[in-house]
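Listed below, chain by chain, are the residues.
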Amino acid sequence: MTLDAAGPTTLSPARTRLALLALALGGFGIGSTEFVAMGLLPNLASDLLPGLYGSDPAAANSQAGLLISAYALGVVVGAPTIAAAAARWPRKQLLLALLTAFTLGTIASAVLPSFQLVLLARFVAALPHGAYFGIASLVAASLMGPGKRGRGVAFVLSGLTIANVVGVPTITWIGQLYGWRTAYLVVAGIFAVTFVAVALAVPWQAGDPKATMKNELKAFTRLQVWFALAIGAIGFGGLFAVYSYVAPMATEVTGLPASAVPLVLVVFGIGMTIGNIVGGRLADHSVRRSMYLFFGILIVALVVMGFTVSSVAGLFVGVFFVGGTSAALSPIIQTRLMDVARDSQSIAAALNHSALNIGNALGALLGGIAIGAGLGYVAPIWIGLGLSVAGLLLAVATFTIDRARRTRGVEVPYGTASLSAIGEAA
């Protein structure tokens, strides 16, 4: 699927803004459903694992972290599968189908009675995640037209970052007052409203009649695509090792009351929103330098946070910079992935979310293992540090391959460099 597959869509400026707002509202819902579990982790653990929580709260919180990993794995599975299989579908109809799945999956998460069933529901609810962002970005680019496509895509993605400033803290507060199940019903309501908004405001667009699953899956034959995915999957795990357990970290290590957790999430979200804007701008100048820069700042931020998180200032400064630098890396990694994927653009857009959510699952899983082993709630910060260092080393490796290719005079376009060309590229 290409950006031009549906052809240009001419609307009045007011109608275009409404369509973009409808698409961004979906991103707001996705950001809310993905991240609200972080702030309500102790609530989920105490309700779904009451016996374990009564005897060992840390172990219960660790096991409840699997709910975060399950959602992340659902994104990993659903993003490339749906993007490749549904490339020919009319885009508006596909978006409405994805929003229906979001709504039903989130309702199931709210009403199912056992930990195991809620775990399954979180996996199912995540399947449309990457495909929605991929298709919505293509629709936004078409609405904005040549020369303004980047701004349209950024507008859609802004829904997710704004969710971390407004949606997640507010829904966390609601969950603390009325229960985590009510919080997920609120998220389901956001998806239902988005369905109506997309149905009314977004114009019909055809899919790509030339797209085939075979062509989309060619992205997996390219070495540098795998490097870009690994950078996102491993390097971004540093954020989620911390973010997944920020609620018990704030209450058990820093000593804040549970009522302060939404404020911690607001600071996290502000950092992510600013980082997303700055990272997108710097990526236009140099993907390599900006990637090195923000991995470096992230590593320093994690070290400082590890030593100072017991203080209120250390916690708030830490979450701001960890959230900000990680969010700055997201558009940089996306840009790198789009560069190296070339012709497989729709699946590349979805694969970025798969990679970042592998980082989500990996960070949450490793952090939970450390907590369950009795290493305490500071341990996830050090695990995040290790993952971020690994991400930086992978970045150095992928750009070293680029430099080696240029030194040897091997002019192989990123989009056609395949695994069989490793000998030439390295």
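From a predicted model like this one, the values you see are computed outputs, not experimental measurements.

A. Spatial organisation of the overall build of the protein. Across its full length, the protein carries 20 helices and zero strands. The proportion of buried residues among the 426 residues of the protein is 56%. Contacts in the protein between residues far apart in sequence, at least 24 positions, make up 83% of those at least 6 positions apart. Carbon together with sulfur atoms contributes 71% to the accessible area of the protein, which is approximately 15900 Å² in total.

B. Seen up close, helix 12 (residues 223-235). If you check helix 12, its first and last C-alpha atoms are 18 Å apart, about what 13 residues at 1.5 Å a residue would give, namely 18 Å. In terms of residue burial, helix 12 counts as a mostly covered element, since ten of its 13 residues are buried.

C. Examining the nonpolar core more closely. Membership of the largest hydrophobic core comes to 108 residues, with the highest contact counts inside it found for Leu23, Tyr132, Tyr243, Met291 and Met305. A total of ten residues in this core trace back to one element, the largest contributor, which is helix 1 (residues 13-39). Leave out the neighbours within four places in its chain, and Leu23 touches Leu95, Tyr132, Ala136, Val139, Ala140, Leu143, Val156 and Val202.

D. Here's a closer look at the pattern of salt bridges. A full pass over the atoms with the stated rule returns two salt bridges. With a closest N to O distance of 3.7 Å, Arg181 and Asp47 form a salt bridge. One end of the pair, Arg181, is in helix 10 (residues 180-201); the other, Asp47, is in helix 2 (residues 41-48), and 134 residues separate them in sequence. Of the charged contacts in the structure, one is a salt bridge between Asp402 and Arg336, with a shortest N-O distance of 3.1 Å. Of this pair, Asp402 sits in helix 19 (residues 379-407) while Arg336 sits in helix 17 (residues 312-341), and the two are 66 residues apart along the sequence.

E. Looking closely at the side chain of Arg336. With a relative accessible area of 4%, Arg336 lands in the buried category. In this structure the side chain of Arg336 is engaged in a polar contact, spanning 3.0 Å, whose partner is the side chain of Thr398.

F. View of the environment of Gly175. The topology assignment puts Gly175 in helix 9 (residues 149-178). For Gly175 and Gly39, which are 136 residues apart along the polypeptide, the C-alpha to C-alpha distance reads 9.0 Å. Setting aside its immediate chain neighbours within four residues, Gly175 contacts Leu40, Asn43, Trp180 and Ala183.

G. Quick peek at a positive patch on the surface. A cluster of basic residues, Arg288, Arg289, Arg403 and Arg406, forms a positive patch on the protein surface. Locating Arg406 in the fold gives a position in helix 19.

H. Looking closely at helix 17. Counted at 1.5 Å a residue, the expected span for helix 17 with its 30 residues is 44 Å, and the 43 Å between its end C-alpha atoms agrees. Burial of helix 17 is extensive: 22 of the 30 residues sit out of reach of the surface.

I. How the structure looks around the packing of helix 15 (residues 261-283) against helix 16 (residues 287-308). Following both chains from N to C, one finds helix 15 and helix 16 inclined at 145 degrees, their axes separated by 8 Å at the closest point. From helix 15, Val278, Gly279, Leu282 and Ala283 reach across to helix 16, where they touch Val287, Ser290, Leu293 and Phe294. Grouping the constituent residues of the contact of helix 15 with helix 16 by class yields six nonpolar, two polar and no charged.

J. Up close: the packing of aromatic side chains. Tallied over the entire structure, the rule returns eleven aromatic pairs. Ring centres 6.1 Å apart and planes at 75 degrees place the aromatic pair Tyr132 and Phe133 in the edge-to-face group. Judged by its relative accessible area of 0%, Tyr132 is buried. Judged by its relative accessible area of 1%, Phe133 is buried. Residues Phe236 and Phe240 carry aromatic rings whose centres are separated by 5.9 Å and whose planes lie at 55 degrees to one another, so their mutual orientation is tilted. Comparing Phe236 with Phe240 shows no difference in burial state: the two are buried. One aromatic cluster in this structure is built from Phe35, Phe236, Phe240, Tyr243 and Phe268.

About the thresholds
- Residues numbered from 1 in each chain as written.
- Predicted model: local features only at pLDDT ≥ 70, side-chain atom pairs only at ≥ 80, totals over all residues.
- Heavy atoms only, no water.
- Helix = DSSP H or I, 4+ residues; strand = E, 2+ residues; numbered from the N terminus.
- Buried < 20%, exposed > 50% of the residue type's maximum accessible area, 1.4 Å probe, protein only.
- Contact = heavy atoms within 4.5 Å.
- Areas by Shrake-Rupley, 256 points an atom, 1.4 Å probe, with all protein chains shown as cover.
- Expected span 1.5 Å × (residues − 1).
- Core = buried A, V, L, I, M, F, W, Y, C linked by side-chain atoms within 4.5 Å.
- Salt bridge = Lys/Arg side-chain N within 4 Å of Asp/Glu carboxyl O.
- Polar contact = N/O pair within 3.5 Å; in protein donor to acceptor, adjacent residues only side chain to side chain.
- Patch = residues over 30% accessible without salt bridge, like charges linked within 9 Å, V, L, I, M, F, W, Y side chains within 5 Å.
- Lys, Arg positive; Asp, Glu negative; His and termini not counted.
- Charge placed at Lys NZ, Arg CZ, Asp CG, Glu CD.
- Axes fitted to C-alpha atoms, helices over the stretch in contact; angles between N-to-C directions.
- Nonpolar A, V, L, I, M, F, W, Y, C, P; charged D, E, K, R; others polar.
- Phe/Tyr/Trp six-rings, centres within 6.5 Å; stacked < 30°, edge-to-face > 60°.

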